[in-house]
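Here are the chains, one letter per residue:
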Amino acid sequence: MKYTLSLCAAALLCSQPSLAEISDLGSFYSDIKLRYEHADIDDPADNDKADAALADIAVGFKSAEYAGFSVLAEYEAGVLALDDFAPENPGYDVIADPQFSEWNRAQLQYKQGGFQAVVGRQRLIFDNARFIGNVGWRANEQTYDAASLRYQQGKFTVQYAYIDEVHSILKKFDADTDSHLLNASYQFETLSVGGYSYLLEDDDSGARNDTTGLRIDGSVVLGDQKLTYRAEYAQQRADTGGADFDADYLVADIGTSVSGVSLTLGNERLGSDDGQYGFQTPLATKHAFNGWADVFLATPANGLDDRYLKVGGKLGKVKLAVHYHDFAAMEGSDRYGDEIDLLATMKLAERYTVGAKFADYSAKDLGNDTRRFWLWLQFSL
């Protein structure tokens, strides 16, 4: 896999065409996000409140297609203007946006009809990113050295990926793997049915995490009201190197829209194996689930029962969202805590977006009171 990445880079760097020739060969793009984050965690160590100001800059080149082949190369850097946070500086609360620079993507793609193959460093997002995602909220997104295949015929889609290395949002968590991902779905008129099997293995520790599941997403019209629904079940078998565990996953929610206001009520359950192991999602976009305060990035050993209500709408040009979570254990009677999340975003122009976001976790039987606040401006060229 590493040889493939070198060949992709060499194909771009060995020749030096003029700007006009480059324009004919493909197009450059850039994406820039300026973000401020504040974190206040009432931890026993009594660390100072954290503040981070960062410019996240990604520049890339995407070639035109030739006989179905194309190349994409993207370099990204996160430059800190304020670094009063851990792990950059001990003694502060944690913010997961360290300074970095790296080749974020470097891939060769072949596409013909409904078939697509990609090899190299790439972005992988399966379904809603609950199990396989890119953690796009963070500056240094999660990418993969992988070979992936996708085939779509009519309403049927199947995807496969082999992952050689995971490039985490934090470099110390990068991992060499021997992992296989399989995902398939069929789209009926108002219902999507799918299944998946994700077989993850860490090369260094030999630990395994195998998850197999089924999901349905659909909608139904009752009178003048349209209801959306989702249900998903998965079983996980984990080998941690010293012991084997089994745990189940279940989520169900229902939603509707009233006078332009969306409402979603649901329950997500990440099970436990007798209080010894909680259902884990190591490659997920975890920030999008179980609260934006990021208290539950790792599922507690007693599991996690997340009951949530989500409300969304618009006030003029401003998109608004309010989420409420009530967290409890799957094993035992602990009530972990609750959380309220607020979001406001607005497009200033076609390529410019400004946003503000707030998360407030109130701890009861697990963790510490946690508050996080973000402001950002994002634009692409």
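Residues numbered from 1 in each chain as written. Predicted model: local features only at pLDDT ≥ 70, side-chain atom pairs only at ≥ 80, totals over all residues. Heavy atoms only, no water.

**Q** Explain the pairing of strand β9 (residues 191–201) to me, using residue names and the numbers behind them.
**A** In the sheet, strand β8 (residues 175–187) pairs with β9 via eight bridges, with the strands oriented antiparallel. In the sheet register, leucine 181 faces β9, and the bridge partner there is tyrosine 198. Connecting β8 to the next strand, β9, in antiparallel fashion are three residues. The sheet contact formed by β9 and strand β10 (residues 208–222) spans 11 bridges and is antiparallel. Paired with valine 193 across the two strands is isoleucine 216, which belongs to β10. Here β9 folds back onto β10 in antiparallel fashion, the turn holding six residues, of which glycine 206 has a positive phi close to 80°. (Pairing = 2+ DSSP bridges. Helix = DSSP H or I, 4+ residues; strand = E, 2+ residues; numbered from the N terminus.)

**Q** Describe the packing of aromatic side chains, and please don't skip the residues or the numbers.
**A** All chains considered together, the criterion is met by 20 aromatic pairs. For the ring pair phenylalanine 28 and phenylalanine 61, a centre distance of 4.9 Å and an interplane angle of 55° mean the geometry is tilted. In this pair, phenylalanine 28 sits in strand β1 (residues 26–41) while phenylalanine 61 sits in strand β2 (residues 50–63), placing the two residues 33 residues apart along the sequence. Phenylalanine 61 gets classed as buried once you look at its relative accessible area, which sits at 11%. An aromatic cluster is present here, built from Phe126, Phe131, Tyr196, Tyr198, Tyr249 and Phe279 joined pairwise through their rings. Here lysine 357 stacks its cationic end above the ring of tryptophan 137, 3.7 Å away from the centre of that ring. In this arrangement the basic side chain of lysine 357 is found over the ring face of tryptophan 292, its NZ or CZ atom lying 4.4 Å from the centre. (Phe/Tyr/Trp six-rings, centres within 6.5 Å; stacked < 30°, edge-to-face > 60°. Buried < 20%, exposed > 50% of the residue type's maximum accessible area, 1.4 Å probe, protein only. Lys NZ or Arg CZ within 6 Å of the ring centre and 35° of its normal.)

**Q** Explain the environment of serine 179 to me, and be specific about the residues and the numbers.
**A** Mapped onto the secondary structure, serine 179 falls in strand β8. With a relative accessible area of 2%, serine 179 lands in the buried category. Through-space distance from the C-alpha of serine 179 to that of leucine 377 is 36 Å; in sequence the pair is 198 residues apart. Setting aside its immediate chain neighbours within four residues, serine 179 contacts Ala161, Tyr162, Ile163, Leu199, Leu200 and Glu201. At 3.4 Å, the side chain of serine 179 forms a polar contact with the side chain of threonine 177. (Contact = heavy atoms within 4.5 Å. Polar contact = N/O pair within 3.5 Å; in protein donor to acceptor, adjacent residues only side chain to side chain.)

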